[in-house]
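The lines below spell out each chain.
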Amino acid sequence: MTPTRDLAGYRVVAVHAHPDDESISTGGALADLARRGADVLVVTCTLGEEGEVIGETYAQLIADEADQLGGYRIGELARALAALGVRGTFLGGAGHYRDSGMAGSAASRNPRAFVNCGEGGVDKLAEILEAERPHLVITYDPNGGYGHPDHIRAHEVAHAAAERTGVPRLVWAARLRSELEGGLPAQAPDGWRLPAPGELDAVDGTETWVELGEETYRAKVEAMRAHATQITIGEAAGPEGLTTYALSNLITQVITRREHYRSGAGAPLRAGGGLLEGIAK
Ligand SMILES: [Zn+2]
């Protein structure tokens, strides 16, 4: 079924820390916006060089061995963006800023680490926003969703650049605890474990959400599957038959039918309203 292109003429920029974040936290909304005609650009701030790797095939690409993971993940990101139907670019160009790793790690002291980008990162994003003139910017909350230093820096850079360039609305991606935990299967798939109550990063309330239709949901699953060094996609399971997945920590999660969003800056979201609702084309 061809969706109505009711959002043609709108422009959206999503600001993400690493390849895979765009799909995991916002893939449904990005695919939905694009299918409905909005022009969507994903700005990825690092190559995710410090990530772990799932499986043996590419295990030696990690930072402490071949240090080739970042380049490899460019290909994964390209396939994910194609599945979502959106465009992509890297802040400052591919490889300009490096994954900062976890707080306090040696990687975070690299002068090229994204956490050390200073005002330069804001300038580079502002340049992109000046060229794109988006109606909406999507990023994370002040905690970066789960506390990763690159996610927190992406939040700061997105807010500063959006304010400087007068973006009408900025929203934060969020996950609703009741949906995340309610959709889990009773038993973890082989080799994975279930999260402890409260273990997954989530919030208890949001202003609005994007409902993922069948094709949008499939696009999100395929986009996540493209990040095979980072994500394993499992079977559909649990009370709602949601697709399961795990990161390298092997904690069972589900791809929910809704992606939630909160007002971050500019025109607030209406409760239950669309992400672009109330913003003039
Ligand atoms: Zn990330």
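Located above this text is the structure these notes cover.
Conventions used here
Residues numbered from 1 in each chain as written. Predicted model: local features only at pLDDT ≥ 70, side-chain atom pairs only at ≥ 80, totals over all residues. Heavy atoms only, no water. Disulfide = S-S within 2.5 Å. Buried < 20%, exposed > 50% of the residue type's maximum accessible area, 1.4 Å probe, protein only. Core = buried A, V, L, I, M, F, W, Y, C linked by side-chain atoms within 4.5 Å. Helix = DSSP H or I, 4+ residues; strand = E, 2+ residues; numbered from the N terminus. Contact = heavy atoms within 4.5 Å. Donors = N, O, S within 2.8 Å, 3.2 Å for Na, K, Ca; no water. Tetrahedral: all angles 85-135°; square planar, octahedral: opposite > 155°, others 65-115°. Expected span 1.5 Å × (residues − 1). Arc of directions from axis to C-beta. Pairing = 2+ DSSP bridges.

Tallied over the full model, the rule gives 0 disulfides. Here Cys 45 stays free of any disulfide, with the sulfur of Cys 117 as its closest cysteine sulfur at 7.7 Å. A relative accessible area of 2% places Cys 45 in the buried class. Look at Cys 117 and you get buried, because its relative accessible area is 10%.

Core analysis: the largest hydrophobic core is formed by 44 residues, its most contacted members being Leu 33, Ile 138, Tyr 261 and Leu 275. Elements represented by at least two residues in this core include exactly β1 (11-16), α1 (21-35), β2 (39-44), α2 (69-84), β4 (136-139), β5 (169-174), α6 (214-226) and β8 (242-246). Contacts of Leu 33, omitting those with residues within four sequence positions, involve Leu 7, Val 12, Ala 38, Val 40, Ile 138, Leu 275 and Leu 276. Within the second largest apolar cluster, 25 residues are counted, among which are Leu 41, Leu 129, Ala 154 and Ala 161.

What follows covers the coordination of the zinc ion. Each protein donor to the zinc ion is listed here as His 18 (ND1), Asp 21 (OD), Asp 21 (OD) and His 151 (NE2); together their distances run 2.1 to 2.5 Å. One can describe the site at the zinc ion as irregular: its 4 donor atoms subtend angles covering 55 to 144 degrees at the metal. In terms of primary sequence, the donors binding the zinc ion are separated according to H-x2-D-x129-H. Placement of the pair is His 18 in the loop between β1 and α1 and His 151 in helix α4 (residues 149-165), with a sequence separation of 133 residues. Residue classification places His 18 among the buried positions, given a relative accessible area of 6%. A relative accessible area of 2% places His 151 in the buried class.

Attention shifts here to helix α3 (residues 118-132). With 15 residues, α3 extends 22 Å between its outermost C-alpha atoms, agreeing within 8% with the 21 Å of an ideal straight helix rising 1.5 Å per residue. Inspection of α3 places Gly 121, Val 122, Leu 125, Ala 126, Ile 128, Leu 129 and Glu 132 among the buried residues, and these make up the whole buried set. Down the axis of α3, the sector holding all buried residues measures 160 degrees, keeping them to one side. Facing away from the buried side of α3, by more than 90 degrees, are the exposed residues Glu 119, Glu 127, Glu 130 and Ala 131.

Our focus in this paragraph is the pairing of β4. Residues of β4 alternate between two faces, with Leu 136 and Ile 138 on one and Val 137 and Thr 139 on the opposite face, all of them buried. Sheet topology places β1 next to β4; 3 bridges connect them, and they run parallel. Its bridge partner lying in β4, Val 13 is registered against Val 137. Sheet topology places β4 next to β5; 4 bridges connect them, and they run parallel. Of the residues in β5, the one forming a bridge with Leu 136 is Arg 169.

Its 16 residues place the ends of α2 22 Å apart at the C-alpha level, agreeing with the 22 Å of an ideal helix rising 1.5 Å per residue. Contact partners of the buried residues in α2: α1, β2, β3 (87-90) and α6. Following α2 by one or two positions, Gly 85 adopts a phi angle in the positive range, close to 80 degrees.

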